[in-house]
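A structural walkthrough
Each chain is listed here by its residues.
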Amino acid sequence: NQALIMFEDLQALTGYLRPADVERCLKNQGVAFITGRDGRPATTIEALNQALGVRQDVKQIPTIEF
């Protein structure tokens, strides 16, 4: 999934290697994240954008037909 940012990418983005350090950095920056069963954090592009104050204008919300 391209919207998901995995731990290895977060290491490259933050410059930290240990999961706890990456988590602390994400918390300090206000980035929402999840921690997997392996103890390593992951987040989404949307969560990073939100923490950065970047918003995409939504002109039309798609409808789901059942």
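Above this text you will find the structure in question.
Thresholds applied
- Residues numbered from 1 in each chain as written.
- Predicted model: local features only at pLDDT ≥ 70, side-chain atom pairs only at ≥ 80, totals over all residues.
- Heavy atoms only, no water.
- Helix = DSSP H or I, 4+ residues; strand = E, 2+ residues; numbered from the N terminus.
- Polar contact = N/O pair within 3.5 Å; in protein donor to acceptor, adjacent residues only side chain to side chain.
- Axes fitted to C-alpha atoms, helices over the stretch in contact; angles between N-to-C directions.
- Parallel < 35°, antiparallel > 145°, perpendicular 65-115°, else oblique.
- Left-handed = near helix turned anticlockwise from the far one by under 90°.
- Contact = heavy atoms within 4.5 Å.
- Pairing = 2+ DSSP bridges.
- Phe/Tyr/Trp six-rings, centres within 6.5 Å; stacked < 30°, edge-to-face > 60°.
- Lys NZ or Arg CZ within 6 Å of the ring centre and 35° of its normal.
- Salt bridge = Lys/Arg side-chain N within 4 Å of Asp/Glu carboxyl O.
- Buried < 20%, exposed > 50% of the residue type's maximum accessible area, 1.4 Å probe, protein only.

**Focus: the environment of Glu8**
- Residue position: Glu8 is located in helix H1 (residues 7-14).
- C-alpha of Glu8 to C-alpha of Ala42: the two residues are 34 residues apart in sequence and 8.9 Å apart in space.
- A distance of 2.9 Å separates polar atoms of two side chains, one belonging to Glu8 and the other to Arg40.

**Here's the deal with the packing of H1 against helix H2 (residues 19-29)**
- In contact at an axis separation of 10 Å, H1 and H2 are set at 65° when each is read in the N-to-C sense. Relative to H2, the element H1 lies roughly perpendicular. Between H1 and H2 lies a crossing whose hand is left-handed. Each of Phe7, Leu10, Gln11 and Thr14 in H1 lies in contact with H2, whose residues at this interface are Pro19, Val22, Cys25 and Leu26.

**Remarks on the sheet that holds strand S1 (residues 4-5)**
- The three strands are arranged S1-S3-S2 in an open sheet whose pairing can be described as antiparallel. This sheet does not close on itself; its edge strands, each paired only once, are S1 and strand S2 (34-35).
- Sheet analysis places S1 next to strand S3 (residues 41-44), joined by two bridges and oriented antiparallel. The residue bridging Ile5 from the neighbouring strand is Thr43, located in S3.

**Observations concerning the packing of aromatic side chains**
- This model, assessed by the stated rule, comprises zero aromatic pairs.
- The ring of Tyr16 carries the charged tip of Arg24 above its face, separated from the ring centre by 5.8 Å.

**Digging into the pattern of salt bridges**
- Under the counting rule described, the total for this entry stands at four salt bridges.
- Put simply, Arg40 and Glu8 hold a salt bridge, and the shortest N to O gap is 2.9 Å. Of the two residues, Arg40 sits in the loop between S2 and S3 while Glu8 sits in helix H1, which places them 32 residues apart along the sequence.
- You can call Glu8 partly exposed: its relative accessible area is 42%.
- Each of the salt bridges in this network shares a partner with another, and the network as a whole consists of Glu8, Asp38 and Arg40.

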